Amino acid sequence: ITALIGGAANGLSARTGLPFGPLSYNNISGPQLFKTVPWTVPLLWVVALFNSRGVARLMLRPWRRVKTYGFLLMGLTALLALAFDFALEPFARVKHLWLWQPTRIPVTWHGASPLSFVGWVFVALLILAIITPFLIRKQPGDRSGPDYAPLALWLGAIILFSVSVAQAELWSALAVNVLLASAAVVFAWRGAKW
């Protein structure tokens, strides 16, 4: 479901400019599905969203019993997916994975329009609204300790993106990546140790 909706949203954006803004994919991104979206883009949505959700679960571990926990989890997951996209966009520009077309909005983040980030949050929340009921543990049982694997994968992707932008001397992107990764690690560690 995540790959389907995320890939469809990127395909729609490549064709119409909505919801992320006008972009075109280079052949470097890999073979394209339906002559629109590289096969890696739906996979990227799965990696970004599920690992962001795992990091959010670590951060919110002290508040598991709060009635609004599910909504907090969805919101924080969307914000962490946004942070992932903030780190991804400069990397994609350096690697020439896709090219953003100019829009009327004069401000960009390494080529990506702010519309792209608004679209990421919207699509992430839409996906989470659909898949969250399937991810809820239905049977009571032993609550195992904190799961650090999503944090390791999320952080590993951010580090990969950071190394690439550092080699390209995109210092503002590197600084934002370090700041986002540091904040995520501190809050995840704090939540897991609670």
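Residues numbered from 1 in each chain as written. Predicted model: local features only at pLDDT ≥ 70, side-chain atom pairs only at ≥ 80, totals over all residues. Heavy atoms only, no water.

K.L.:
How would you sum up the packing of helix H2 (residues 40–59) against helix H5 (residues 149–167)? Please name residues and give values.
P.N.:
One way to put it is that H2 packs onto H5 with a least axis distance of 8 Å and a crossing angle of 125°. Relative to H5, H2 is oriented oblique. Crossing of H2 against H5: the hand is left-handed. The residues of H5 that touch H2, namely those facing Asn51, Ser52, Gly54, Val55 and Leu58, are Pro150, Leu151, Leu153 and Trp154. Among the residues forming the contact of H2 with H5, the class breakdown is six nonpolar, three polar and no charged. (Axes fitted to C-alpha atoms, helices over the stretch in contact; angles between N-to-C directions. Helix = DSSP H or I, 4+ residues; strand = E, 2+ residues; numbered from the N terminus. Parallel < 35°, antiparallel > 145°, perpendicular 65-115°, else oblique. Left-handed = near helix turned anticlockwise from the far one by under 90°. Contact = heavy atoms within 4.5 Å. Nonpolar A, V, L, I, M, F, W, Y, C, P; charged D, E, K, R; others polar.)

K.L.:
Explain unusual backbone geometry residue by residue, including any values.
P.N.:
For the bond running from Leu18 to Pro19, omega is 10°, close enough to zero to count as cis. The phi dihedral of Glu169 falls on the positive side, at around 60°, and the residue is not glycine. One can find Glu169 in the loop between H5 and helix H6 (171–193). Residue classification places Glu169 among the exposed positions, given a relative accessible area of 55%. (Buried < 20%, exposed > 50% of the residue type's maximum accessible area, 1.4 Å probe, protein only.)

K.L.:
How would you explain the side chain of Ser113 if you had to name every residue and give the values?
P.N.:
Relative to the elements of secondary structure, Ser113 occurs in the loop between strand S4 (98–100) and helix H4 (114–135). Since its relative accessible area comes to 4%, Ser113 is described here as buried.

K.L.:
Summarise the nonpolar core; cite the residues concerned and give the values.
P.N.:
A general feature of soluble globular proteins is that nonpolar side chains tend to end up buried together. In this structure, Trp45, Phe84, Trp98, Trp120, Trp154 and Phe161 are the most contacted members of the largest nonpolar core, which totals 52 residues. At 13 residues, the largest contribution of residues to this core is made by helix H3 (residues 69–95). Residue contacts for Trp98: discarding those within four places in its chain leaves Leu23, Ser24, Tyr25, Asn26, Leu44, Leu88, Glu89 and Ala92. (Core = buried A, V, L, I, M, F, W, Y, C linked by side-chain atoms within 4.5 Å.)

K.L.:
Which residues make up a positive patch on the surface, and what values go with them?
P.N.:
Taken together, the side chains of Arg57, Arg64, Arg65 and Arg137 present a region of like positive charge at the surface. On the secondary structure map, Arg57 appears in helix H2. Given a relative accessible area of 40%, Arg57 falls into the partly exposed group. (Patch = residues over 30% accessible without salt bridge, like charges linked within 9 Å, V, L, I, M, F, W, Y side chains within 5 Å. Areas by Shrake-Rupley, 256 points an atom, 1.4 Å probe, with all protein chains shown as cover. Salt bridge = Lys/Arg side-chain N within 4 Å of Asp/Glu carboxyl O. Lys, Arg positive; Asp, Glu negative; His and termini not counted. Charge placed at Lys NZ, Arg CZ, Asp CG, Glu CD.)

K.L.:
An account of H6 is requested, with residue identities and associated values reported.
P.N.:
The first and last C-alpha atoms of H6 sit 33 Å apart over 23 residues, in line with the 33 Å expected at 1.5 Å per residue. Here H6 has its buried residues at Ala173, Asn177, Ala181, Ala184, Ala188, Gly191 and Ala192. Packing partners of the buried residues in H6 comprise H2, H3 and H5. (Expected span 1.5 Å × (residues − 1).)

Keep in mind these numbers describe shape, not what the thing actually does.
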